[in-house]
Number of protein chains: 4
Amino acid sequence: MAVRAAVAGASGYAGGELLRLLLAHPEVEIGALTGNSNAGQRLGALQPHLLPLAGRVLQETTPEVLDGHDVVFLALPHGQSAAVAERLGPDVLVIDMGADFRLTDAAAWEKFYGSPHAGTWPYGLPELPGARAALEGSKRVAVPGCYPTAVSLALYPAYTAGLARPEAVIVAASGTSGAGKAPKPHLLGSEVMGSMSPYGVGGGHRHTPEITQNLSAAAGDPVSVSFTPTLAPMPRGILATCTAAAQEGVTGESLRAAYDKAYADEPFVHLLPEGQWPATASVYGSNAVQVQVAYDAAAGRIIAISAIDNLTKGTAGGAVQSMNIALGLDESTGLTTIGVAP
Amino acid sequence: MAVRAAVAGASGYAGGELLRLLLAHPEVEIGALTGNSNAGQRLGALQPHLLPLAGRVLQETTPEVLDGHDVVFLALPHGQSAAVAERLGPDVLVIDMGADFRLTDAAAWEKFYGSPHAGTWPYGLPELPGARAALEGSKRVAVPGCYPTAVSLALYPAYTAGLARPEAVIVAASGTSGAGKAPKPHLLGSEVMGSMSPYGVGGGHRHTPEITQNLSAAAGDPVSVSFTPTLAPMPRGILATCTAAAQEGVTGESLRAAYDKAYADEPFVHLLPEGQWPATASVYGSNAVQVQVAYDAAAGRIIAISAIDNLTKGTAGGAVQSMNIALGLDESTGLTTIGVAP
Amino acid sequence: MAVRAAVAGASGYAGGELLRLLLAHPEVEIGALTGNSNAGQRLGALQPHLLPLAGRVLQETTPEVLDGHDVVFLALPHGQSAAVAERLGPDVLVIDMGADFRLTDAAAWEKFYGSPHAGTWPYGLPELPGARAALEGSKRVAVPGCYPTAVSLALYPAYTAGLARPEAVIVAASGTSGAGKAPKPHLLGSEVMGSMSPYGVGGGHRHTPEITQNLSAAAGDPVSVSFTPTLAPMPRGILATCTAAAQEGVTGESLRAAYDKAYADEPFVHLLPEGQWPATASVYGSNAVQVQVAYDAAAGRIIAISAIDNLTKGTAGGAVQSMNIALGLDESTGLTTIGVAP
Amino acid sequence: MAVRAAVAGASGYAGGELLRLLLAHPEVEIGALTGNSNAGQRLGALQPHLLPLAGRVLQETTPEVLDGHDVVFLALPHGQSAAVAERLGPDVLVIDMGADFRLTDAAAWEKFYGSPHAGTWPYGLPELPGARAALEGSKRVAVPGCYPTAVSLALYPAYTAGLARPEAVIVAASGTSGAGKAPKPHLLGSEVMGSMSPYGVGGGHRHTPEITQNLSAAAGDPVSVSFTPTLAPMPRGILATCTAAAQEGVTGESLRAAYDKAYADEPFVHLLPEGQWPATASVYGSNAVQVQVAYDAAAGRIIAISAIDNLTKGTAGGAVQSMNIALGLDESTGLTTIGVAP
């Protein structure tokens, strides 16, 4: 019996990627699709790559339209999910692809988002310790941010194994789809092609508290995080270069052992052979995560690098993976580890 | 019972794309993988996006290695397929992704390739009139070139319907993967990013006789073809802009009716709604073809434009589609019409 | 004594490129800079690449602000230049980088632009026959469109030499800066990277009548033009692939002789050696035009291809070149034929 | 009286960029141009963007050919400059764009380059304390590496002002031209477009000791450096994201004051207004450096970010700037701070 899924926010990049994945999911039947300013338009005009849905027309995002589905995915601007979610019954699986329910610390939410904290839902990064158990059977899921996904999977094994000191320095490059589909001058093709530029520098990016939350949980102690995101001239992908000062006695071998152990049974995280480094092209359109780690003895630092597709594992793929767990399906259903390359 | 498939030339772009598709094909089991200069290497180092095959090691391309499979795909440099094919038994389905068996005119082959003509196999562009019947049950298939695929699907309905005069002017832009993986200075990222350039100008490109063959067959008369390929700063995709002088009395309506009729039941060809034009991004990684056609009354010309992914529908997807037909499987098995966008 | 120049529309791409060139022009002193919605802002925030002008503040586009300069460049939306120009005195050199005064045929203007025709000014493509004489000493200049610049320089020698029949088929690829700086969804980096797409198909592009005007003048008879522009994933550059049926008796030699003769003394047009083809990367940021021509005997067509930088030779460089001529300066002053590559 | 300059290695990216700049230098006359495997070829075929030199033919790199010039630029593979330089007289200004004479520490050279240390020449990064004095009148100049240029200009003021602790964590993204023009599979356009990937991770990149040398000199004490370079999908540009733990009492104001003081009179380094961050597009093709700095109080770290063009300020522009100083010309002669954007 098919799982009926509705998607609120189907005209954006997150919604479009989600639909791409749901169309390939053998257990899902796509129900209502909604948009706000785009309600009434054909999906074929808005998402021309989704040929099988070209004739579908977007509806308005209302509780009535979203009602009666088994799963409702919310791909809405931050701050809008809570109001929609509370109108959906407790038996509906609600998967929020926005930021509203990710943070456990209300003060951090209010500082970075400037609005009241809506609460905390089970966190949809199954690879983190304890995350799968919280997701199984849950009716509410907060999908992680794209940067926190890439960074947490790069660094958490070093923290759980006690190998890294509690200060991390992270520089990540993201494709432009991470900035969304609303047209802004600095996101024009003419501006981004041929250009690398930072933004949200100095701790100002909203993903900073989420990264801090995940690494601190892994370390069992507060981790200080310096996080600089940069915009790269490509549509998709995140390359996260993460470093942390090493604890005494760390070696390349102890690091590798920790990462081997953490990821031996993970279906989507691929610890690369020694000497091979992640590339975003290799995970294009896939739910895979490439990870590599090294110890720089001269600098005394651990260097852990991950590559993900920000729209797939970083957003919509993570959402489907969490849905599978919440519904008791095989975690990999409808997802692939094969990138579209070159 | 699974179809066992071998791939000769698994380290190149065509071979890699084929493996990406075969991994998702529910009826196929991947057998021997061969390469020449790369024999002995791990596929994980050569095709890092194919995670499930990362541990496979390339073998040499010999009849012994390729023997014992139900299907053998040849992704070899032109001129090498005949020698391999004749060593494989008549019961093996041999699918040549190179040029060797595409042309019916031996003189054209010799003029453009400078070697003796190896013969002509059933042509793997099922959408052309009569092509499916020739493919059903066949043990030999010649997969079309990427440009001929894009151009033929853009223009053939105008010729079969008698709407176009027998002279076509075609300018096509291709992503760089069409030029292959052998490193050459003009294909360096530094050279191609930010640059459009033509090549094989003046009828010199080897796909010219294949385009001529297809359009002439559709027209029932020789068609004169002016074909200019250009290299575009993107990894994948072909946009083919094809024009032909219109016969007397052609209208936008008669054109549209001809294309509607040609493509009404085609699973992979999508005639776009009026006013919407193809974009290569929409078919990225998919087997879909976007087509649109218009009549320019002032110039008296038909303008037909198609977008394909040169590696998927233009090469490996076309090969899988033909394999499905030859084996009696559903034609769409393992293939998608959904692009990876943005 | 310096020429004082004002720029109306200094925040857009055409205005920015013009300022880049004027800053390097030894005879020009940059005067008033105006914008509309951006009036009051620092140029450093709007055009961060123009470091020497970072502290300049945009004024409103009014006759009072533009008054008192030797030259006024108008980089305004079409339809706005006439009103500004008539408020400037007859002794001021007014150079319109918009479309308003390019067309000689009022009916064509009204059909393509939907507003009353403002008139016709001397046409700023000095390489065309007779153009320099009309520009010398003129106080009004209409700078050509970017596509007409590329196409006219590729094809006009074939027409003036009587080698081409009066029907031309043109497909041109442009970088995204040609579409301007106003943010629109289809111009987002996420949309354009990795994608080729056509627009204005079937004769609908507003540059079509201008191309027709130029080629017809060269031929001495009306030329029918099929023109298809495409958007390419690069910030700058136009590659124009232009073909025309050849007159009887045309040979590769007669073609080459015609082009040699046309361009022997042109400072900015470079007819490439036989066998070498234009690439937009080679003219990046320069006022150079690369041209090559060939005769395709099998198709009976002339293939002429040009590459320009749409913002330089295609807009701002053409404007400066015309200014130099109008003011009696050396035509090449402040301009370069050296591209920024790779 | 013109300065006659020879360029050894004129067919590569560094040599090509140098020629682009020298062509615009009012005091320089371009003399011999040499290449090795490309000797005998027309520059027009190798560097088609350098139209004024299209007819020049490359000679072999021999002392005889290079003799008799005022300046000889060496753009050779590392390890080859010493042998050439010693054959040129002591009165010739020799400017080495390779690595051979950059390092003061012979052991570091041998560890990273695996060959005997050739010596140390005055270091061509005039903005560093004391560098100009060493360059004035010198007959030998070692041009810095591209990454060390970007990183040193981002961080050195924090060290000279005593604001940063002696451990720096640096992640830099470079355009592909930094990897040179020799064709390698991983540098193909098909591979690099759409992809970010790291290399030389864990301190292995050869620019690490040069960065360490510069920062340690600024700090007056050894600085530990963690340096991770990444390859970005663009032809040119380096964005260097540099962080260091702050000393006690550092504030945003004290940082800004230090950078203001360091760069107040520098013609090429532009400290951006607060809130504006560097972008590589803004310095495309220019000798400018954009720098911004901030204090992340939560993480206790200084974040300094710079953008340069790796081929201009990072290589050939730095070489010309140093030549100007060595010869007693105005330091900015022939160089621009204006980028080619968009």
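We now turn to the structure provided with this report. Keep in mind that what you see is a predicted model, and the values were worked out from it rather than measured.

What counts as what
Residues numbered from 1 in each chain as written. Chains lettered and ligands numbered in written order. Predicted model: local features only at pLDDT ≥ 70, side-chain atom pairs only at ≥ 80, totals over all residues. Heavy atoms only, no water. Pairing = 2+ DSSP bridges. Helix = DSSP H or I, 4+ residues; strand = E, 2+ residues; numbered from the N terminus. Contact = heavy atoms within 4.5 Å. Axes fitted to C-alpha atoms, helices over the stretch in contact; angles between N-to-C directions. Buried < 20%, exposed > 50% of the residue type's maximum accessible area, 1.4 Å probe, protein only. Arc of directions from axis to C-beta. Least-squares fit on C-alpha atoms with pLDDT ≥ 70 in both. Buried area = accessible area lost by both parts, 1.4 Å probe. Salt bridge = Lys/Arg side-chain N within 4 Å of Asp/Glu carboxyl O. Polar contact = N/O pair within 3.5 Å; in protein donor to acceptor, adjacent residues only side chain to side chain. Nonpolar A, V, L, I, M, F, W, Y, C, P; charged D, E, K, R; others polar.

Let us look at the sheet that holds strand E8 (residues 197-198) of chain D. Residues and elements named next belong to chain D. Strand order in the open sheet made by the seven strands is E8-E9-E7-E10-E13-E12-E11, with mixed pairing throughout. Only two strands of the sheet have a single partner each, and these edge strands are E8 and strand E11 (269-271). The pairing of strand E12 (residues 289-296) with strand E13 (residues 301-308) spans seven bridges and is antiparallel. Within the sheet, the bridge partner assigned to Asp-296 lies in E13 and is Arg-301. This element, helix H7 (residues 146-160), spans strand E7 (164-174), strand E9 (224-231), strand E10 (238-246), E11, E12 and E13 of the sheet and lies at about 150° to E7.

Residue and element names in this part refer to chain C. Residues Ala-108, Trp-109, Phe-112 and Tyr-113 constitute the buried set of helix H5 (residues 106-113). Burial along H5 is one-sided: seen end-on, the buried residues are contained in an arc of 100°. Opposite its buried face, H5 presents the exposed residues Ala-107 and Lys-111, each directed more than 90 degrees away. On its buried face, H5 sits against helix H9 (208-219).

Let's shift gears to the relation of the copies chain D and chain A. Of the two same-sequence chains, chain D is brought onto chain A (RMSD 0.0 Å, axial shift 0.0 Å) by a rotation of 180°. Taken together, the turn and the small shift mark the pair as related by a two-fold rotation axis. Comparing interface residues between copies, 100% of those in chain D also lie at the interface in chain A; the contact surface is shared.

This part is about the interface of chain D and chain B. Listed by partner, the interface residues are 19 residues for chain D and 19 residues for chain B. Where chain D abuts chain B, roughly 1400 Å² becomes buried across the two surfaces, and 66% of that area is made up of carbon and sulfur atoms. Together, Leu-188, Ser-190 and Met-193 of chain D form the three largest contributors to the area buried by chain D at its contact with chain B, with a combined 42%. Our count for the chain D to chain B interface comes out at zero salt bridges. Applying the counting criterion to the chain D and chain B interface returns eight residue pairs in polar contact (both at pLDDT 80 or more). The leading source of residues in the side of chain D that touches chain B is helix H8 (residues 189-192) of chain D, at four residues. Partitioned by chemical class, the residues of the side of chain D that touches chain B number eleven nonpolar, five polar and three charged.

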